[in-house]
Amino acid sequence: MSSPHALAGDAGSITRVAGIEVGHFTETRRPTGCTVIMTREGAVAGVDVRGAAPGTRETDLLHPSNLVDKVHAIMLAGGSAWGLDAATGAVRWLEERGVGFDVAVGRLPIVPAAVLFDLLVGDMRIRPDAAAGYAACEAASTADPAEGNVGAGTGAALGKIFGIQRAMKGGIGTASVTVDGVTVGALIACNALGDVIDPDTAQVIAGARTDDGLRLRDTRRALLRGDPPQPLLAGTNTTIGVVATDAVITKVQAHRLAVAAHDGLARSINPVHTMSDGDTLFSLGTGRSGKSLGMMVLATMAAEATAIATARAARAARAITTAEGLYLPSAAELGR
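Definitions and cut-offs
- Residues numbered from 1 in each chain as written.
- Predicted model: local features only at pLDDT ≥ 70, side-chain atom pairs only at ≥ 80, totals over all residues.
- Heavy atoms only, no water.
- Axes fitted to C-alpha atoms, helices over the stretch in contact; angles between N-to-C directions.
- Helix = DSSP H or I, 4+ residues; strand = E, 2+ residues; numbered from the N terminus.
- Parallel < 35°, antiparallel > 145°, perpendicular 65-115°, else oblique.
- Left-handed = near helix turned anticlockwise from the far one by under 90°.
- Contact = heavy atoms within 4.5 Å.
- Nonpolar A, V, L, I, M, F, W, Y, C, P; charged D, E, K, R; others polar.
- Phe/Tyr/Trp six-rings, centres within 6.5 Å; stacked < 30°, edge-to-face > 60°.
- Lys NZ or Arg CZ within 6 Å of the ring centre and 35° of its normal.
- Buried < 20%, exposed > 50% of the residue type's maximum accessible area, 1.4 Å probe, protein only.
- Pairing = 2+ DSSP bridges.
- Expected span 1.5 Å × (residues − 1).
- Core = buried A, V, L, I, M, F, W, Y, C linked by side-chain atoms within 4.5 Å.
- 1 Å grid on protein atoms, 1.4 Å probe; cavity = no way out; pocket = protein on both sides within 12 Å on 5 of 7 lines; lining within 4 Å.
- Points joined across faces, edges and corners; volume = space filled by probe spheres on them.
- Salt bridge = Lys/Arg side-chain N within 4 Å of Asp/Glu carboxyl O.

**Comments concerning the packing of helix α1 (residues 86–96) against helix α2 (residues 130–138)**
Line of reasoning, step 1. Interhelical geometry of α1 versus α2 gives an angle of 50° and a closest axis separation of 6 Å. Considering their axes alone, α1 and α2 lie oblique with respect to each other. Relative to α2, the crossing made by α1 is right-handed. Between α1, through A86, T88, G89, A90, R92, W93 and E96, and α2, the contact on the second element is made entirely by A130, G133, Y134, C137 and E138.
Line of reasoning, step 2. Grouping the constituent residues of the contact of α1 with α2 by class yields six nonpolar, three polar and three charged.

**Notes on the packing of aromatic side chains**
Line of reasoning, step 1. One pass over the full model with this rule turns up zero aromatic pairs.
Line of reasoning, step 2. Over the aromatic face of F162 sits the side chain of R217, whose NZ or CZ is 3.9 Å from the ring centroid.

**A short note on the pairing of strand β2 (residues 33–49)**
Line of reasoning, step 1. Within β2, 14 of the 17 residues are buried, which leaves it mostly tucked inside the rest of the structure.
Line of reasoning, step 2. As defined by bridge partners, strand β1 (residues 21–26) adjoins β2 across six bridges and the pair is classed as antiparallel. Pairing of H24 across the sheet is with T35, part of β2.
Line of reasoning, step 3. Following β1, the chain reverses through six residues before pairing antiparallel with β2.
Line of reasoning, step 4. In this structure, β2 lies alongside strand β16 (residues 280–285), joined through six bridges in antiparallel fashion. What sits directly across from D48, in β16, is L281.

**A word on helix α5 (residues 295–316)**
Line of reasoning, step 1. The end-to-end C-alpha distance of α5, which contains 22 residues, comes to 31 Å, matching closely the 32 Å that a straight helix rising 1.5 Å per residue would cover.
Line of reasoning, step 2. In terms of burial, α5 is largely enclosed, as 17 of its 22 residues are buried.

**Examining α1**
Line of reasoning, step 1. Residues of α1 that are buried include every one of A86, A87, G89, A90, V91, W93 and L94, and no others.
Line of reasoning, step 2. Considering only its buried residues, α1 is in contact with β2, β3 (56–57), β4 (71–77), β7 (113–115) and α2.
Line of reasoning, step 3. Among the residues trailing α1, G98 stands out with phi positive, at a value near 70°.

**Overview of the nonpolar core**
What tends to happen in soluble globular proteins is that the nonpolar side chains get buried as a cluster.
Line of reasoning, step 1. Formed by 34 residues in total, the largest nonpolar core has its most connected members in L158, C190, I205, A206 and L298.
Line of reasoning, step 2. Of all the elements, α5 adds the most residues to this core, at nine residues.
Line of reasoning, step 3. With sequence-adjacent residues up to four places away left out, C190 is seen in contact with A156, A157, L158, G170, G171, V196, T239, I269, T310 and A313.
Line of reasoning, step 4. Judged by nonpolar contacts, the second largest core, of 26 residues, contains L62, I74, V150 and V242.

**Here we look at empty space enclosed by the protein**
Line of reasoning, step 1. Using the criterion set out here, one finds one cavity of 30 Å³ or more in the structure.
Line of reasoning, step 2. Taken as a whole, the largest cavity spans an internal volume of roughly 40 Å³.
Line of reasoning, step 3. Lining the largest cavity are F117, D118, L120, V121, G155, A157, K160, I164, N191 and T236.
Line of reasoning, step 4. Split by residue class, the lining of the largest cavity holds five nonpolar, three polar and two charged.

**Section: the environment of I161**
Line of reasoning, step 1. By the secondary structure assignment, I161 is in the loop between β8 (157–158) and β9 (168–169).
Line of reasoning, step 2. Here I161 falls in the buried class, since its relative accessible area comes to 5%.
Line of reasoning, step 3. Considering only alpha carbons, one finds I161 and P229, 68 residues apart in sequence, at a separation of 5.6 Å.
Line of reasoning, step 4. Setting aside residues up to four positions removed in sequence, I161 forms contacts with L193, T219, L223, P229, Q230, L232 and P271.

**Focus: the pattern of salt bridges**
Line of reasoning, step 1. One pass over the full model with this rule turns up 20 salt bridges.
Line of reasoning, step 2. In this structure, E21 and R40 form a salt bridge, with 2.9 Å as the shortest nitrogen-oxygen distance. On the criterion of sequence distance, the pair formed by E21 in strand β1 and R40 in strand β2 is long-range, its members being 19 residues apart.
Line of reasoning, step 3. Measuring nitrogen to oxygen at the nearest pair gives 3.9 Å for the salt bridge that ties K291 to D180. With K291 in the loop between β16 and α5 and D180 in the loop between β10 (171–179) and β11 (182–190), this pair connects stretches of sequence that are 111 residues apart.
Line of reasoning, step 4. For K291, a relative accessible area of 33% corresponds to the partly exposed category.
Line of reasoning, step 5. Note on D180: relative accessible area 57%, which makes it exposed.
Line of reasoning, step 6. Taken together, the shared-partner salt bridges in this structure form one network comprising R92, E96, R97 and E138.

Such coordinate-based values are descriptive only and should not be taken to indicate function.
Structure, rendered in structure tokens:
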């Protein structure tokens, strides 16, 4: 069954939001990388963490009661906690260009970050660092960003609840929705424990495979009929991303937009927000449209863009076989 949001169609991208640039760094030595979402003029920001095992940096700054009211970039990276170092490279790149929060003696770029666990895919000693984050900034532009096995989605895998050997390749995807001259876009790096679901048809796109590896197992139904999951290490999964809008919003509203965006994850991942996921979504408001549609409409747009971007992350992914012999097929190979 086809979807109107299939990969061949133009679902937009997060860079359709005025004031947003995206850059990827993709490691060539093993599947990993990082992705920067930049807003050089600064953007109101929020964050919402739903997974139980997050890896993040500077998220406390985004609480509505705290001082800093704007950020200058968000960094998404593989490499688990080591990957948080990629944000340091973005801070250096932005500082060199005079971008940041005025601290009287200079400008301090504010770059919150979140990471996903891709250490099971290839040599875990290779992970994004400050140089990788700097390179992602060098590559940033307002063009529609590449999707699939790039940036933070390079080492992503889906459907690991019955073991990594029965999983499939994940990736990064993007989408946007425009209503009455206001745009909301999402960029999602999907490394979920659960399956990815088409938000329109409710059909499984990618995830855990059957024992012969040839078909989708349908994790939700498998768990409900009593199939036992493998023992899981907390934090070895995680979907991370950013939802951005050119609407005029407050810091409180930015937080609410991040909360609403998780509804999109719930439409496109099952199970989601588990004890072994660190699902984290950031929100950005550039205000460049000069208007707001109100939070009811913006929240609906955020959830929609997030759901589409997550599905695209799975559909854009390409199969890989690591040097260690791990094979992760793509959704396309299973006819999804």
